[in-house]
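Analysis of the macromolecular model
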Amino acid sequence: MEETKLRILELYSGIGGMHYAAELANVGAEFVFSVDINTSANEVYRHNFKQTNQQSRNIESLSANEINKLKPNVIMMSPPCQPFTRVGLKLDVEDSRCSSFLHLLDVLPHLETVSLVLMENVVGFETSEMRNAFTKALKSCGFYFREFLLSPVSLQIPNSRNRYYLIAKKFTNFAFGTETDIMTAFPSNSCDITISVGQKTLEPYLEKNFADEELARYLLPAKTLMKYWRILDVRQRSDISSCCFTKAYTHYAEGTGSVLQHDSNESFQEKFADFEKDGNVAHLEPLQLRYFTPREIANLMGFPAPFSFPENTSLRTRYRLLGNSLNVLVVSSLLKILLK
């Protein structure tokens, strides 16, 4: 790929996870066009990638002719996951949010320069009608494909975020796997695809030197501790795992992400034992149980240090956008495999 510069069309671009993944893969890519309908996500994207042609548009408005003029050879995309998610109605192709993806499948046979595709979605997509339509369209256009269910844990990142991925390329088949199997690990015969993060515990991903007023912003309210203490997933700085952070993090307590014991000098077991005796939430205060900050979640998801939100982006919106994003390190590794 050194002779021909990669020209990437980024669909459902979100806050730029795919863009950062291509930069991290260091494959000499140019993003010729980026599009998303979410105005909040687009503001964050443009804040970080000021030089990219990024537009707020419905993908259904993109024609084959317009795409062909851009001459992309790669499509990277993360279509809406709500039609397939475990907490959704699972309407699949009947969900109106699939209409843009279905439009893309209609356009695909007419794209003259696209020879590589990388797609991310939620677990559940692999059993959907949309997946069957997607793979059928790819095969009819001469693409070979491989599917994966992967989590950042496979790259020794202490965060669970199991997601569906598909990579596809025209003309040449892959040297590993088959189109009938979904892989749950990176292919063993792919050299130099694992990024050496070398950070197995949560500690290196956490922000340092919290001011008291900043810490107070993220502490769990007493009423949340009283109501949900039995279901909170409390993590220590030395832990080697954490739960997936969803777009509802901080808004709902159950199943939306882990919380952190900020003061690691206190005994978690002792404080909770005291609390269980009399129900006095004051026993838990020395633990300084807090939410992970947006920057810490971004760190766990592989977003580089320069990534930031516009100052006017609310805390709630930051969590929501990160919860809808992807793991940069996993996608970067898959892009390397696709280009190998």
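What you are looking at is a predicted structure, and each value in this text was computed from that prediction instead of being measured. (Residues numbered from 1 in each chain as written. Predicted model: local features only at pLDDT ≥ 70, side-chain atom pairs only at ≥ 80, totals over all residues. Heavy atoms only, no water.)

1. Concerning unusual backbone geometry
- Despite not being glycine, Lys71 has its phi angle at roughly 55°, a positive value.
- Considering the arrangement of structural elements, one finds Lys71 in the loop between helix 3 (64–70) and strand 4 (74–77).
- By relative accessible area, which is 53% here, Lys71 ends up exposed.
- Here Gln156, not a glycine, exhibits a phi torsion of approximately 65°, which is positive.
- With respect to the helices and strands, Gln156 occurs in the loop between strand 6 (143–150) and strand 7 (163–170).
- Given the relative accessible area of 42%, Gln156 is considered partly exposed. (Helix = DSSP H or I, 4+ residues; strand = E, 2+ residues; numbered from the N terminus. Buried < 20%, exposed > 50% of the residue type's maximum accessible area, 1.4 Å probe, protein only.)

2. Focus: the side chain of Glu126
- The topology assignment puts Glu126 in the loop between strand 5 (116–122) and helix 5 (129–140).
- Arg131 is the oppositely charged side chain nearest to the buried, salt-bridge-free Glu126, at an N-O distance of 8.1 Å.
- Looking at Glu126, its side chain comes within polar contact range of the main-chain nitrogen of Gly124, at 2.7 Å. (Lys, Arg positive; Asp, Glu negative; His and termini not counted. Salt bridge = Lys/Arg side-chain N within 4 Å of Asp/Glu carboxyl O. Polar contact = N/O pair within 3.5 Å; in protein donor to acceptor, adjacent residues only side chain to side chain.)

3. Observations regarding the pattern of salt bridges
- Under the definition given, this model contains nine salt bridges.
- For the salt bridge of Glu120 with Arg163, the shortest nitrogen-to-oxygen distance reads 3.9 Å. Of this pair, Glu120 sits in strand 5 while Arg163 sits in strand 7, and the two are 43 residues apart along the sequence.
- For Glu120, a relative accessible area of 3% gives the class buried.

4. Quick word on empty space enclosed by the protein
- Under the criterion given, the structure shown has three cavities of 30 Å³ or more.
- Estimates place the volume of the largest cavity at around 40 Å³.
- For the lining of the largest cavity, a count of residues per class yields six nonpolar, two polar and no charged. (1 Å grid on protein atoms, 1.4 Å probe; cavity = no way out; pocket = protein on both sides within 12 Å on 5 of 7 lines; lining within 4 Å. Points joined across faces, edges and corners; volume = space filled by probe spheres on them. Nonpolar A, V, L, I, M, F, W, Y, C, P; charged D, E, K, R; others polar.)

5. Some details on the environment of Phe309
- In this structure, Phe309 sits in the loop between helix 9 (294–300) and helix 10 (315–323).
- For the pair Phe309 and Arg295, spaced 14 residues apart in the sequence, the C-alpha separation amounts to 9.3 Å.
- The contacts of Phe309, once residues within four sequence positions are left out, are Val44, His47, Pro294, Arg318, Leu321 and Leu322. (Contact = heavy atoms within 4.5 Å.)

6. Re the packing of helix 1 (residues 17–25) against helix 11 (residues 328–339)
- Contact geometry for helix 1 and helix 11: axes closest at 8 Å, N-to-C directions at 55°. With respect to their mutual orientation, helix 1 and helix 11 come out oblique. Classified by chirality, the crossing of helix 11 by helix 1 is right-handed. Contact residues: helix 1 offers Gly17, Met18, Tyr20, Ala21, Ala22, Leu24 and Ala25, while helix 11 offers Val328, Leu329, Val331, Ser332, Leu335 and Lys336. (Axes fitted to C-alpha atoms, helices over the stretch in contact; angles between N-to-C directions. Parallel < 35°, antiparallel > 145°, perpendicular 65-115°, else oblique. Left-handed = near helix turned anticlockwise from the far one by under 90°.)

7. Describing the packing of helix 2 (residues 39–48) against helix 10
- Where helix 2 meets helix 10, the closest approach of the two axes is 10 Å, and the angle between their N-to-C directions is 85°. What the angle tells us is that helix 2 and helix 10 run roughly perpendicular. Residue-level contacts link Ser40, Ala41 and Val44 of helix 2 to Thr317, Arg320 and Leu321 of helix 10.
- Of the residues contributing to the contact of helix 2 with helix 10, the split by class is three nonpolar, two polar and one charged.

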